[in-house]
Amino acid sequence: MAEPLSIIEATDRYTARNYARYPVAFVSGRGSRLFDEKGRAYLDFFSGLAVSSLGHGHTGLARAIAEQAATLIHTSNLYYNEPAARLAERLVRRTFADRVFFCNSGTEANEAAIKMARRSDPRRHEIVSAYRSFHGRTLGALAATGQPDLQEGFGPMPGGFVHVPYDDVDATRAAVGNRTAAVLVEPIIGEGGVLVPAAGYLAALRKLCDEAGALLIFDEVQTGVGRTGTLYMYEQLGVTPDILTTAKGLGGGFPIGAVLATEKAAAAFVPGSHGSTFGANPLACAAASAVLDALDAGVLENAKRSGEHLGKRLEALAKKHACIVEARGHGLLRGIELDRPTRPLVENALERGLIANATAGNVIRIIPPLVIQTAEIDEGIDILDRVIGEAST
Ligand code: PLP
């Protein structure tokens, strides 16, 4: 019999070629560390793309998933189920929202939000979003995504999507009118390079939308679930959207997405207008409730503390290395922009046992688990310090 292929060989041989993977297969994890097949430990500054909010091997999350899996995994939305009811109640109590729609991912949450906004007012269909934004890969969310290179080859894009520069109130004002169903915006652009808008930008969008009769949608798929120090970032801004999309960290690694909406916006959905086979399934909802339990039990506090520490360390790093253009971000969503491509640096960091992310060409994105400790942040920053130092010589 032929030797079985390795994990990497089998993946490269049998899966679609749409990912540029790093040559590591992780097999287990604990806290902010991942372990590869040979047992080598890696410090996680990435949390599986801002997803593993409670880190790896979290006992409460693992127990909640195991118990729910042994009790009831799926029933469909033709019936009621307790984990979904409890999670919806909790999200509504904790946020501006009156109603929740559950789905399975960030892109699905944005599809649902776009559909909700369009159906809210049949005279309006345009969605205004920002260049450099990322809203997902399904066609509606992709059309809203302000990165033409990601749309290449998939056209024609659905119509009715208008892009304006991020953090530009005047350009948005010029684009918003009586055809605008909603302005869709990330409170901090994540994938597009960790771009933090000027103070007042999101409040200005709120005002613009109110004046034009359009809805304001915050895509908090990346900024949400504690990543910026509060459950959702809008809480820190004094600006409340009509609709908010969330996913990534919500299930701590278990797939779940949700649309949070005011009563008025949610009224667009009536029986039959939208749906999801897996959405609101008991297993995903139980996982998300376990994540919210842990956030309340101290993880949110830790995220705030560690996020501030990370910010200080990155500022010092930016002062030290001339090749750093800027260190920016908020909480545990941070980016270091360099004057050069960052993938080689991220590869070097990986070889030294640190998982970080290269995004937008020249940005190193740092999005650790929310349970990361300040000593672990120091350890990772020391590695980045060496990697950046070597690259600049
Ligand atoms: N919206 C934002 C802000 C994101 O960062 C992402 C993913 O990176 C998405 C939407 C899409 O989420 P998903 O990959 O779960 O579909």
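Note that the structure is a prediction, hence the values are computed from the model and not measured.

Visitor: Looking at this structure, I do not really get the side chain of Asn281. What am I missing?
Guide: Note that Asn281 resides in the loop between α11 (263–266) and α12 (282–320). We classify Asn281 as buried; its relative accessible area is 10%. There is a polar contact of 2.9 Å between the side chain of Asn281 and the backbone oxygen of Phe278. A distance of 3.1 Å separates the side chain of Asn281 from the backbone nitrogen of Leu283, its partner in a polar contact. Setting aside residues up to four positions removed in sequence, Asn281 forms contacts with Ile73 and His74.

Visitor: For this particular structure, what's the right way to read empty space enclosed by the protein?
Guide: A probe matching the size of a water molecule, rolled over the atoms, marks out where space remains unfilled. Enumeration over the complete set of coordinates arrives at two cavities of 30 Å³ or more. Around the largest cavity, the lining residues are Val128, Ser129, Ala130, Val164, Thr172, Val183, Leu184, Val185, Tyr201 and Leu205. Per-class residue counts for the lining of the largest cavity are eight nonpolar, two polar and no charged. Of the pockets and cavities examined, the second largest cavity occupies roughly 30 Å³. As for the second largest cavity, its lining consists of Ala50, Ser53, Gln222, Gly224, Val225, Arg227, Gly249 and Leu370.

Visitor: Which parts of the structure should I look at to understand the site of the ligand?
Guide: Residues in close proximity to the ligand include Ser105, Gly106, Thr107, Asn110, Phe134, His135, Gly136, Glu186, Asp219, Val221, Gln222 and Lys248, which together make up its full environment. Measuring from an oxygen atom of the ligand, one finds a backbone N or O atom of Gly106 at 2.8 Å. The contact in question runs from an oxygen atom of the ligand to an N or O atom on the backbone of Thr107, over 2.8 Å. The fraction of the free accessible surface of the ligand (390 Å²) that becomes covered by protein chains is 83%. Looking at which element gives the most residues to the shell around the ligand, the answer is helix α5 (residues 106–120), with three residues. Along the lines of polarity and charge, the residues of the shell around the ligand split into two nonpolar, seven polar and three charged.

Visitor: What should I look at first to understand the sheet that holds strand β14 (residues 357–359) in this one?
Guide: Hydrogen bonds along the backbone pair up the strands of a sheet, which may run parallel or antiparallel. Ordered by their spatial adjacency, four strands build an open sheet running β11-β12-β15-β14, and the pairing between neighbours is antiparallel. If you trace the sheet from one side to the other, it starts and ends with β11 (324–330) and β14, each paired once. If you compare each strand with its neighbour and ignore which way they point, the axes differ by 25° on average. For β11 and strand β12 (residues 333–338), the ladder comprises six bridges, and the chain directions are antiparallel. What sits directly across from His330, in β12, is Leu333. α12 contacts β11, β12 and β15 (363–366) of the sheet and is inclined by roughly 10° relative to β12.

Visitor: Help me out: how do you make sense of the pattern of salt bridges in this one?
Guide: When charged atoms on two side chains of opposite charge get close, those side chains can pair. On inspection of all chains with the given rule, the structure shows 23 salt bridges. The closest approach of N and O atoms between Arg328 and Glu337, which form a salt bridge, is 2.7 Å. Because the salt bridges share partners, they merge into one network encompassing Glu82, Arg86, Glu89 and Arg93.

Visitor: What should I look at first to understand the sheet that holds strand β10 (residues 257–261) in this one?
Guide: Taken together, the seven strands give an open sheet; going across it, the order is β4-β10-β9-β8-β7-β5-β6, and neighbouring strands pair in mixed fashion. The open sheet has two edge strands, β4 (99–103) and β6 (161–164), and neither has a second partner. Taken over all neighbouring pairs, the strand axes of this sheet differ in orientation by 20° on average, direction set aside. Across four bridges, the pairing between strand β5 (residues 126–130) and β6 is parallel. Of the residues in β6, the one forming a bridge with Ile127 is Phe161. Here α5 sits on the sheet and contacts β4, β5, β6, β7 (180–185), β8 (215–219), β9 (243–246) and β10; the angle it forms with β9, its principal contact strand, is near 165°. The strands touched by helix α9 (residues 201–212) within the sheet are β7 and β8, with β8 carrying the most contacts at an inclination of about 150°.

Visitor: Could you clarify how one ought to interpret the environment of Glu111 in this entry?
Guide: For Glu111, the location among the structural elements is in helix α5. Along the backbone, Glu111 and Leu142 are 31 residues apart, and their C-alpha atoms lie at a distance of 9.4 Å. Not counting the four nearest positions on each side in its chain, Glu111 is found in contact with Thr138, Leu139, Gly140 and Ala141.

Visitor: I tried to follow helix α14 (residues 374–392) on my own but got confused; where do I start?
Guide: Turn by turn, an α-helix covers 3.6 residues, leaving residues three or four places apart pointing in a common direction. Here α14 spans 26 Å end to end across 19 residues, near enough to the 27 Å set by a 1.5 Å rise per residue. Every buried residue belonging to α14 is among Glu376, Ile377, Gly380, Ile381, Ile383, Leu384, Asp385, Val387 and Ile388, and all of these are buried.

Visitor: For this particular structure, what's the right way to read the nonpolar core?
Guide: It is characteristic of soluble globular proteins that their nonpolar side chains tend to be buried jointly. Counting 77 residues, the largest nonpolar core has Phe45, Phe102, Tyr232, Leu295, Ile336, Ile364 and Leu384 as its most contacted members. Of all the elements, α12 adds the most residues to this core, at 15 residues. Here Tyr232 is in contact with Leu91, Thr95, Glu220, Gly224, Val225, Leu244, Thr246, Leu250 and Leu260, once residues within four sequence places are set aside. Ala109, Ala117, Ala182 and Leu215 belong to the second largest nonpolar core, which has 24 residues in total.

Visitor: I keep staring at the layout of surface pockets and nothing clicks. Help me out?
Guide: As a volume, the second largest pocket reaches approximately 840 Å³. Asn77, Val100, Phe101, Phe102 and Ala280 are the residues nearest the centre of the second largest pocket, which is lined by 28 residues in total. Of all the secondary-structure elements, those providing two or more residues to the lining of the second largest pocket are α4 (82–94), β4 and β10. A breakdown of the residues in the lining of the second largest pocket according to their chemical character gives 18 nonpolar, eight polar and two charged.

Scoring rules and cut-offs
- Residues numbered from 1 in each chain as written.
- Predicted model: local features only at pLDDT ≥ 70, side-chain atom pairs only at ≥ 80, totals over all residues.
- Heavy atoms only, no water.
- Helix = DSSP H or I, 4+ residues; strand = E, 2+ residues; numbered from the N terminus.
- Buried < 20%, exposed > 50% of the residue type's maximum accessible area, 1.4 Å probe, protein only.
- Polar contact = N/O pair within 3.5 Å; in protein donor to acceptor, adjacent residues only side chain to side chain.
- Contact = heavy atoms within 4.5 Å.
- 1 Å grid on protein atoms, 1.4 Å probe; cavity = no way out; pocket = protein on both sides within 12 Å on 5 of 7 lines; lining within 4 Å.
- Points joined across faces, edges and corners; volume = space filled by probe spheres on them.
- Nonpolar A, V, L, I, M, F, W, Y, C, P; charged D, E, K, R; others polar.
- Near = heavy atom within 4 Å.
- Areas by Shrake-Rupley, 256 points an atom, 1.4 Å probe, with all protein chains shown as cover.
- Pairing = 2+ DSSP bridges.
- Axes fitted to C-alpha atoms, helices over the stretch in contact; angles between N-to-C directions.
- Salt bridge = Lys/Arg side-chain N within 4 Å of Asp/Glu carboxyl O.
- Expected span 1.5 Å × (residues − 1).
- Core = buried A, V, L, I, M, F, W, Y, C linked by side-chain atoms within 4.5 Å.

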